[in-house]
Amino acid sequence: MEQKAFYNLSYGVFILGTKAGDKINACITNTCFQAAANPVRVAISCINQNLTCQMIKESGVFSLSVLDQTCTFDTISRFGYQSGRDADKFADFEYSLDSNGCPYVTSQVCSVFECKVLSSQDLGSH
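Criteria and thresholds
Residues numbered from 1 in each chain as written. Predicted model: local features only at pLDDT ≥ 70, side-chain atom pairs only at ≥ 80, totals over all residues. Heavy atoms only, no water. Helix = DSSP H or I, 4+ residues; strand = E, 2+ residues; numbered from the N terminus. Rg over C-alpha atoms; globule rule 2.2 N^0.38 Å. Core = buried A, V, L, I, M, F, W, Y, C linked by side-chain atoms within 4.5 Å. Buried < 20%, exposed > 50% of the residue type's maximum accessible area, 1.4 Å probe, protein only. Contact = heavy atoms within 4.5 Å. Phe/Tyr/Trp six-rings, centres within 6.5 Å; stacked < 30°, edge-to-face > 60°.

### Topic: the overall build of the protein chain
Reasoning step 1: Assigned secondary structure in the protein chain consists of two helices and eight strands.
Reasoning step 2: Start at the N end of the protein chain and walk to the C end: the helices and strands fall as β-β-β-β-α-β-α-β-β-β.
Reasoning step 3: On C-alpha atoms alone, the protein chain measures out to a radius of gyration of 14 Å, which is about the 14 Å that the 2.2 N^0.38 rule sets for 126 residues.
Reasoning step 4: Based on the C-alpha atoms only, the size of the protein chain along its principal axes is roughly 45 × 30 × 30 Å.

### Here's the deal with the nonpolar core
Reasoning step 1: Counting residues in each nonpolar core, the largest one holds eleven residues, listed as Phe-14, Leu-16, Cys-27, Cys-32, Cys-46, Cys-53, Ile-56, Phe-62, Leu-64, Val-66 and Cys-115.
Reasoning step 2: Elements with a contribution of two residues or more to this core: β1 (14–20), α1 (51–59) and β5 (61–67).
Reasoning step 3: The element contributing the most residues to this core is β5, with three residues.
Reasoning step 4: Discounting chain neighbours no more than four positions away, the residues touching Ile-56 are Leu-16, Thr-18, Val-61, Phe-62 and Val-117.
Reasoning step 5: In this structure, Ile-15, Ala-26, Cys-71 and Phe-93 belong to the second largest nonpolar core, which totals nine residues.

### Some remarks on unusual backbone geometry
Working note: non-glycine residues mostly have negative phi, and peptide bonds are mostly trans.
Reasoning step 1: Cis geometry marks the peptide bond from Asn-38 to Pro-39; its omega dihedral reads 0°.
Reasoning step 2: Relative to the helices and strands, Pro-39 is located in the loop between β3 (32–37) and β4 (40–44).
Reasoning step 3: The phi torsion at Asp-92 lies on the positive side, around 55°, for a residue other than glycine.
Reasoning step 4: Structurally, Asp-92 can be placed in the loop between α2 (73–80) and β6 (95–97).
Reasoning step 5: Accessibility expressed as a relative area gives 84% for Asp-92, which makes it exposed.
Reasoning step 6: Phi at Gln-108 is positive, roughly 65°, even though this residue is not glycine.
Reasoning step 7: Of note, Gln-108 is situated in the loop between β7 (103–105) and β8 (109–116).

### Comments concerning the packing of aromatic side chains
Reasoning step 1: All chains considered together, the criterion is met by four aromatic pairs.
Reasoning step 2: An angle of 80° between the planes, with centres 5.2 Å apart, marks the rings of Phe-79 and Phe-93 as edge-to-face. You can see Phe-79 sitting in helix α2 and its partner Phe-93 sitting in the loop between α2 and β6, a full 14 residues away along the chain. Residues Phe-79 and Phe-93 agree in their burial class; the two are buried.
Reasoning step 3: Aromatic ring contacts, followed pair by pair, group Phe-79, Phe-90, Phe-93 and Tyr-95 into a single cluster.

Shown next, in the form of structure tokens:
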């Protein structure tokens, strides 16, 4: 397979937020798509070793903030280049909680999804 073919795929950039116990966390992901229309279903992919992924597996809930074109590199860096094991990614950052207690960002977004996990598939790294 020609690996360059993947460069033609379109991606968005999202902040995947979750809560497990009393802890909230989030990470950057570039994989989310509408998998079905009726009933509405989305599919996401996240790295198994990420704290956010582990917390989603524990809680079964997540929020998805769809980042818009105003999103800054500082926001991407905050949620994508550090671990929630070592830093509070939401410290001094504007956010709200959905009805499941999952954090979502309130600026630099064009929409937010509140989600529950219905099924999952372990693909090795993701």
